[in-house]
Amino acid sequence: MTVLTNTRGRELQGRAGSTIRRPFGRRPSVVPGFGITLGLTLTWLALIVLIPLAGLFLKTATLSPEQFWAIISSRRTLNALQLSFGLSLVAAAINLVAGAIVSWALVRYEFPGRRIFDAIVDIPFALPTAVAGIALTSLFAENGWLGSILALAGIKVSFTPLGILVALIFIGLPFVVRTVQPVLLDLEAEVEEAAATLGATRWQTVTKVILPAVLPALLTGFALAFARSVGEYGSVIFIAGNLPNVSEIAPLLIVIRLEEFKYADATAIAVVMLIASFLILLAVNRLQRWSELRSGRL
Amino acid sequence: MSVALGTLQPRKQREAPPDAHDVRQERRLVRWLITTFAVLFLVLFLVLPLATVFAQAFARGFDAYVKALVEPDALAAIRLTLLVAAIAVALNLVFGMIAAWAIAKFEFAGKTILVTLIDLPFSVSPVISGLVFVLLFGAQGFFGADLQSHDIQIIFALPGLVLATLLVTFPFVARELIPLMQEQGTQDEEAAISLGASGLQTFFRVTLPNVKWALLYGVLLCNARAMGEFGAVAVVSGHVRGETTTMPLYVEILYNEYKSTAAFAVASLLALLALVTLIAKALLEQRAATE
């Protein structure tokens, strides 16, 4: 420990040895500014995030349980929620498989343009959702580059639920790749070599040695992609067609209810979605802890 | 949720891929299949949409492209976007540094919960991020009547756009700084303090230089999201042309009016911003790795 010369430092050092309890159970430190920075952080967090989100629950509390239930169980709401959650699940599952393959190729193989492809994975993070939305729509429209090819096979993508799926795959892919990639990079070569030496085939090594090590990361990426997809709005609404009960996602229904000044309806749907995303967040935290324990990074 | 955007940390250098005689190598056909699938998937889902933006923007030639961008409404949208992003990024920058200091440099109870709460906006639908401010400040909202009697307009005006953007971009800067500052510990700061530096001097001369690349990256991401945000601002904007339409909202208006070329022209500016952000990320990653 350094010799403390300034008075403030000495004072803190003096207290460090004593048993005085500090606010928030803080451990002693000579670094200043704890009180004010934590105070400002909590204030700003409350003003921008917590109070506005609490308002959502307060507004819902003004509804009787019957009213709340009537909104949530209406056919249109149920269909919208089912569509959002169902397609998000399918998109996340597709990304789980595709993301694993893409990560493997980026980490293990050398091919022309690998570095550029690696950078490109981040496009859905960086490209504004509205831009992605109109781009995907025109790409998959019947006269678009891909849409015209698919039309030959009689497949319509733009303005159908299939279009929503395409947009959700686009938006979710980087979550899986960017979660799995570092774990693949961290894998020890010795473990695979040991498996091979002990007589395992390559397929056995991949499924019994590598897959279990990467599984927590894969599932985390899946959950993150799913959470993002459920709330996604901008990239979906252009390509969806937005037919009530058919291709109307839950976030869009919130916007429609707001435009009709049915605040209670909009809020009730929002609360259901928010609770769902809290639960997913909780699952992600659990998965990440599991993942860290597994890879011994804790 | 630390992976939501990937923190800027010196990337672990990739080892040389296993060669043909390595036991860790798959058969040639398998390698070929996996690589082809990966490249095809990335091209179909990521490269083609991006290429479409520019192809459509220039579909009617360069003159039509420029004409769409110098429209008064387009210029107003660009100005508004820059203004909203400037305010939101500046505020989140200050908050991010303060929050990172409190969280990374001290140990206290409830820290995990605090970090989770800061991450919360990542997992909230952008539409909900806008909705909450309508519920607070809209005509029928909690403070709606009070605001009206004082003639203060928040929703369908600049303050609403800024608030929605602030909420959506809330975690970006803090999220970049916290892991790095935690990793660096407090020895440098303790040394500076013991040599007589004040708290602010320590922060600006010792801590900040240590995290400058991560901070810059956080600001870039925050800015990209602030300028590109759609769902949250769509709810609070009211879509008044030339007044409360940011660039993404203006893209939507043009697209719905079947002015496809103009919509893609404005969209191409946002796509350029995304490309610049990605290139800057790659450069900053290299920088962080060499230092």
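The rules behind these values
- Residues numbered from 1 in each chain as written.
- Chains lettered and ligands numbered in written order.
- Predicted model: local features only at pLDDT ≥ 70, side-chain atom pairs only at ≥ 80, totals over all residues.
- Helix = DSSP H or I, 4+ residues; strand = E, 2+ residues; numbered from the N terminus.
- Buried ≥ 20, exposed ≤ 12 C-beta atoms within 10 Å, placed from the backbone.
- Contact = placed C-beta atoms within 7 Å.
- Expected span 1.5 Å × (residues − 1).
- Arc of directions from axis to C-beta.
- Domains from an automatic or database assignment.
- Axes fitted to C-alpha atoms, helices over the stretch in contact; angles between N-to-C directions.
- Parallel < 35°, antiparallel > 145°, perpendicular 65-115°, else oblique.
- Left-handed = near helix turned anticlockwise from the far one by under 90°.
- pLDDT = per-residue confidence, 0-100.

### Things to note about the overall build of chain B
When you go through chain B residue by residue, the secondary structure sums to 14 helices and zero strands. Overall, chain B shows an N-to-C arrangement of helices and strands of α-α-α-α-α-α-α-α-α-α-α-α-α-α. The C-alpha extent of chain B, read off along each of the three principal axes, is 60 × 60 × 30 Å. Classification of the 291 residues of chain B by burial places 47% in the buried group. Counting only contacts in chain B whose residues sit at least 6 apart along the sequence, the fraction spanning at least 24 positions is 76%.

### Side note on the interface of chain A and chain B
Across the boundary between the two partners, chain A contributes 91 residues, which contact 88 residues of chain B. When residues in the side of chain A that touches chain B are grouped by element, the largest group, 14 residues, is from helix H2 (residues 34-61) of chain A.

### Some details on helix H10 (residues 199-210) of chain B
All names here are of chain B. Over its twelve residues, H10 runs 16 Å from end to end, which matches the ideal 16 Å to within 8%, given 1.5 Å per residue. Along H10, the positions that sit buried rather than exposed are Thr202, Phe203 and Thr207. Here the buried residues of H10 occupy an arc of 95 degrees about the axis, which is enough to place them on one side. For H10, the exposed residues set more than 90 degrees away from the buried face come down to Gln201, Phe204, Arg205 and Pro209. Elements in contact with the buried residues of H10: helix H3 (72-105) and helix H9 (187-194).

### Regarding the domain arrangement of chain B
Considered domain by domain, chain B is made up of domain 1 (23-57) and domain 2 (60-290). When each unit is reduced to the centre of its C-alpha atoms, the spacing between domain 1 of chain B and domain 2 of chain B is 31 Å.

### Looking at the environment of Leu33(B)
Mapped onto the elements of the fold, Leu33(B) is located in helix H1 (residues 28-57). Sequence separation between Leu33(B) and Ala157(B) is 124 residues; the distance between their C-alpha atoms is 53 Å.

### Remarks on the environment of Thr245(B)
All names here are of chain B. Looking at the secondary structure, you find Thr245 in the loop between helix H12 (231-237) and helix H13 (247-256). In this structure the C-alpha to C-alpha distance between Thr245 and Leu158, which are 87 residues apart in sequence, comes to 9.8 Å. Other than its neighbours up to four places away in sequence, Thr245 contacts Ala77, Ser237, His239, Val240, Tyr250 and Ile253.

### A word on helix H13 (residues 250-259) of chain A
All names here are of chain A. H13 sits mainly inside the fold: seven of its ten residues count as buried. Turning to H13, its buried residues are Ala250, Pro251, Leu252, Leu253, Ile254, Arg257 and Leu258. Looking at the residues trailing H13, positive phi occurs at Phe261, about 60 degrees.

### Quick word on the packing of helix H9 (residues 161-186) of chain A against helix H11 (residues 202-231) of chain A
All names here are of chain A. Between H9 and H11, the least distance of the axes is 8 Å, while the angle of their chain directions is 155 degrees. Taken together, the axes of H9 and H11 are roughly antiparallel relative to one another. With respect to the hand of their crossing, H9 and H11 are arranged in right-handed fashion. Where H9 abuts H11, its residues Leu168, Ile171, Gly172, Phe175, Val176, Thr179, Val180, Val183 and Leu184 lie against Val214, Ala217, Leu218, Thr220, Gly221, Phe222, Leu224, Ala225, Arg228 and Ser229.

### Structural notes on the confidence of the model for chain B
Low-pLDDT stretches of the model should not have their predicted coordinates read in fine detail. Put simply, chain B has an average pLDDT of 90, and 93% of its residues get 70 or more. Model confidence for the complex is summarised by a pTM of 0.89, with the ipTM given as 0.90.

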